[in-house]
Amino acid sequence: MVMKPPRWPLWGALLLLLTALLVVLVFLAGEYEESRDQAALDQDALGVTGDVRSGLLRNVQTLQSLHAFSPTPQSWEAPAADLLVGRREIVRLEWRDAALRPLAERLSPFTSDVFGAFGRNQSLPEVRQACDAARRLSGPAYSPSYFWPMRDGRGMEVMELCLPLTEAGVVRGYLVATYSLRGILAELTEPATLRGRGLSFAEVDGTRLAVLQALNAQRRALRAQALLDLPGHTLLMQLESPRRALGLFPNVLTAVVGALSIALLVVLYLLARDMRRRQHAEERAAEALAFRKAMEDSLVTGLRARDMAGRITYVNPAFCQMVGLSAEQLIGTGLPAPWWPPELVDEYQQRQAVRLAGKTLPREGYESVFQRSDGTRFPVLIIEAPLIDARGVQTGFMSAIIDLTEQRQIEDLNRASQDRLQATARLATVGEMASLISHELNQPLAAIASYASGTLNLLQRDGSVATTDIDGAIRRIAEQADRAGRVIRGVADFVRRRDQVREDVAPQRLIDAITTLLTLQAKKQGIRLAIEIAPATPAVHCDRTMVEQVLLNLARNGMQAMPLGDPSTASGLRWLRIAIAPAPSAPHGGPGWVRFDVIDHGHGLPDEVSRRIFTPFFTTKAEGMGLGLSLCRTVIEQHGGALSFEPVQPRGTRFSFTLPVAPATAPAPDASSAAASVA
Ligand code: ADP
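None of the values given here were measured: they were computed from a predicted structure.

Chemist: Help me understand the nonpolar core in this model?
Modeler: Side chains of nonpolar character tend, in soluble globular proteins, to be buried together. Within the largest apolar cluster, 42 residues are counted, with the highest numbers of intra-cluster contacts made by Leu-93, Ile-184 and Phe-201. With 8 residues, helix H1 (residues 8-69) is the largest single contributor of residues to this core. Those residues within four positions of Phe-201 in sequence are excluded, and the remaining contacts are Leu-181, Ile-184, Leu-185, Thr-207, Arg-208, Leu-209, Ala-210, Leu-228, Leu-235, Leu-236 and Met-237. Ranked by size, the runner-up nonpolar core spans 40 residues in total, among them Leu-517, Ile-578, Val-598 and Phe-655.

Listed below in structure tokens is the structure:
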């Protein structure tokens, strides 16, 4: 068997590649999602700075309007306090003159002790820095942010806003607002934008100045920064959003990719399973094919397939060996086939035409003769069957061909030995009869001798010899010589070996051929011989010599069963009957049969004898050969008939056999209707 390279490395590589592809896909999907989140966060960060900027601008306008209506420090305080209630991000409001001396001030009610721990003067540099910038810009300006510790140990990052108060182009004073950076984050942003996010002001190095919402430090976060540039100072705003957790289904895209990957893996698994099944099926089919091939190759029966046009589509080695041609030479050849003997081509063509016309083929097959490539002929038995494909359509014919050469040789051998046996049996019969013949010949010879000497005496007498006497004597001599000749001819006829030919014979002629011999024996034993041929008994189709011998054997056995001194003598039953009559025909018609009965009234057959009666060489007689009955049965069966026996009353045995009626024969004309009785 051819070793196939193992497939698992291929499958392993495929699985590995696919897994790598899927991991990359999931990773890319995650990356994509994250970059989208980052973009959204960046956008939101810009939005938040925009909100803060516009909030601060609104505050500047409100502060300016506060001053427009409250020109004196006394009247200023109350609206300033109101304003602080509405603006939580401002922790303190001051009105200072042009030299930055405080004129009026107001603290936010929410963080009243902001400047309790340290004096306001501590932050003057930042105020001054802002107001210098404001004067320069002629508009609001902010100071850098700074940390302001509070009394309770905490502190806050604050930033000063300085708004110059001008009158006819001359700076008369300043409005200073102290902003809490955390307040800015809390008050000036949209809470909806910040849900779940962290917002802070930070230094460039990342140090946080003010934090609105802090994210859990452990979690990696997306971060977006935006600059909030204010006149006089620029702040860095930082918006943070928690990275989405990489769960089983982190987001829709990844989930889809994941689901697709799982589906792909499942499909891959199913495909692999299907492949494995196919592989198993293939292996099984290959094994079955190898087994079939081995079987076909080792067969001694030739196999041959033909298509509907008579072309060879398959031959097995046994067939090739039979006809002496290779499979390549045979496959594809049409009619006439290369193994047809040239003189039989016509006959075979006709047979083939009948087969191709769809006529039914004999199941038991038919015999034919093939020719080998070297020209020798051999007999074959062909068993043919239609070749039906999986769809039930006939695609051709399949034939099994058996070489009958050996079988024929064995049959010939059997036949030859059978013939020899029969010849021996015949000779044995003749030997037995020889004494009878000599006895029988004695009579005519003695008569001839006496007639001859009488004639001589007459002739030696002088003169008066009546020619009529001599004539009569010679006539007698001739008669006796004729009688002796008939006896001898009867024996010679019987002994002479003839070819086995089947012919149509009238039963009477069969009887006539053996009458001489039968009569001799019957006379010797004092037995009466009765021969009855029923009227209208047809001729039989048989090998005449053989059947005569069967009749002779049976009759002789019957007579031997009634030896002299047998009780049959006393009871007056000392006679042997041969009856021939048409057998009742079979119920289904068929060929007719003629039945032959040989009935004796001898000692009959004991059980022990009747069981072995047909066994070759079984005999109860001192001089017997024991071949008679076994040969008789073989002969009758070769003719298609049957040989049987049964006891008859009051004593004796009936042997019966049947022979086929000659085809298309009229009832035998010479069948005598009357019973012939010979002494
Ligand atoms: P053979 O006559 O040489 O003995 P057969 O085969 O003819 O051989 O007969 C076998 C035996 O069958 C005989 O020896 C005899 O015992 C018995 N047998 C045959 N025919 C008869 C018969 N008609 N009546 C009684 N016995 C018979």
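Once the structure has been displayed, the description carries forward.
Chemist: Hey, could you run me through the site of the ligand in this one?
Modeler: Residues in contact with the ligand amount to 21 residues; listed here are only the nearest, Asn-557, Asp-600, Thr-619, Thr-620 and Lys-621. At a separation of 2.8 Å, an oxygen atom of the ligand approaches a polar side-chain atom of Asn-557. In this structure, Lys-621 approaches the ligand through a side-chain N or O atom, which is 2.8 Å from an oxygen atom. Of the residues that constitute the shell around the ligand, the class distribution is 9 nonpolar, 10 polar and 2 charged.

Chemist: Looking at this structure, how should I read the state of the cysteines?
Modeler: The term disulfide refers to a covalent linkage connecting the sulfur atoms of a pair of cysteines. Counting across every chain of the model gives 1 disulfide. Each disulfide pairs two cysteine sulfurs, and for Cys-131 the partner residue is Cys-162, the sulfurs being separated by 2.0 Å. The sign of the 95° torsion about the S-S bond sets the Cys-131-Cys-162 disulfide as right-handed. With a gap of 31 residues between them, Cys-131 in helix H3 (residues 124-137) and Cys-162 in strand E5 (residues 155-167) connect regions that are remote in the sequence. Relative accessible area serves as the criterion here: at 1%, Cys-131 is assigned to the buried category.

Chemist: Is there a simple way to think about the sheet that holds strand E10 (residues 233-242) in this case?
Modeler: Either a parallel or an antiparallel arrangement is found when strands of a sheet pair, and the pairing is made through backbone hydrogen bonds. Taken in spatial order, the 4 strands line up as E8-E7-E10-E9 in an open sheet, and their pairing is antiparallel. Each end of this open sheet is capped by a strand with a single partner; those strands are strand E8 (208-213) and strand E9 (221-230). With strand direction ignored, the average angle separating the axes of adjacent strands in the sheet is 20°. Note: strand E7 (residues 198-202) against E10, 5 bridges, orientation antiparallel. Looking at the pairing, Phe-201 lines up with Met-237 of E10. With respect to the sheet, H1 is in contact with E7, E9 and E10, its orientation differing from that of E9 by roughly 30°.

Chemist: Help me understand H3 in this model?
Modeler: Along an α-helix, a turn takes 3.6 residues, which lines up residues three or four apart on a common side. Between its terminal C-alpha atoms H3 stretches 19 Å, which fits the 20 Å expected from 14 residues at 1.5 Å a residue. For H3, the full list of buried residues reads Leu-124, Glu-126, Val-127, Ala-130, Cys-131, Ala-133 and Ala-134. A positive backbone phi angle near 55° is found at Ser-138, which sits one or two residues after H3.

The rules we used
Starting from 1, residues in each chain are numbered consecutively following that chain's sequence as written. The predicted nature of this model means local features are confined to residues of pLDDT at least 70 and side-chain atom pairs, given and counted, to a pLDDT of 80 or more, with totals for whole chains, interfaces and linings taken over all residues. No hydrogens and no water enter the side-chain calculation; it runs on all heavy atoms of the structure. Among the buried residues, those of types Ala, Val, Leu, Ile, Met, Phe, Trp, Tyr and Cys that are joined through side-chain atoms within 4.5 Å form a nonpolar core. Relative accessibility thresholds used throughout: buried, under 20% of the residue-type maximum; exposed, over 50%; partly exposed, between the two (1.4 Å probe, protein chains only). In DSSP terms, a helix is any run of H or I states spanning at least four residues, a strand is any run of E spanning at least two, and both are numbered starting from the N terminus. Any pair of residues with heavy atoms lying within 4.5 Å of one another is described as a contacting pair. One heavy atom within 4 Å of a molecule or strand is enough for the residue carrying it to be called near that molecule or strand. Definition of a polar contact: a pair of N or O atoms within 3.5 Å, with one able to donate and the other able to accept a hydrogen when the atoms are protein atoms, and with sequence-neighbouring residues admitted only if both atoms are side-chain atoms. Residue polarity follows a fixed list, in which Ala, Val, Leu, Ile, Met, Phe, Trp, Tyr, Cys and Pro are nonpolar, Asp, Glu, Lys and Arg are charged, and the others, Gly among them, are polar. For the purposes of this analysis, a disulfide is any pair of cysteine sulfur atoms at a distance within 2.5 Å. Two strands make a pair as long as DSSP finds a minimum of two bridges between them. Lines fitted to C-alpha atoms define the axes, with helix axes restricted to the stretch in contact, and inter-axis angles between N-to-C directions lie between 0 and 180 degrees. Every helix has an expected span of 1.5 Å times one less than the residues it contains.

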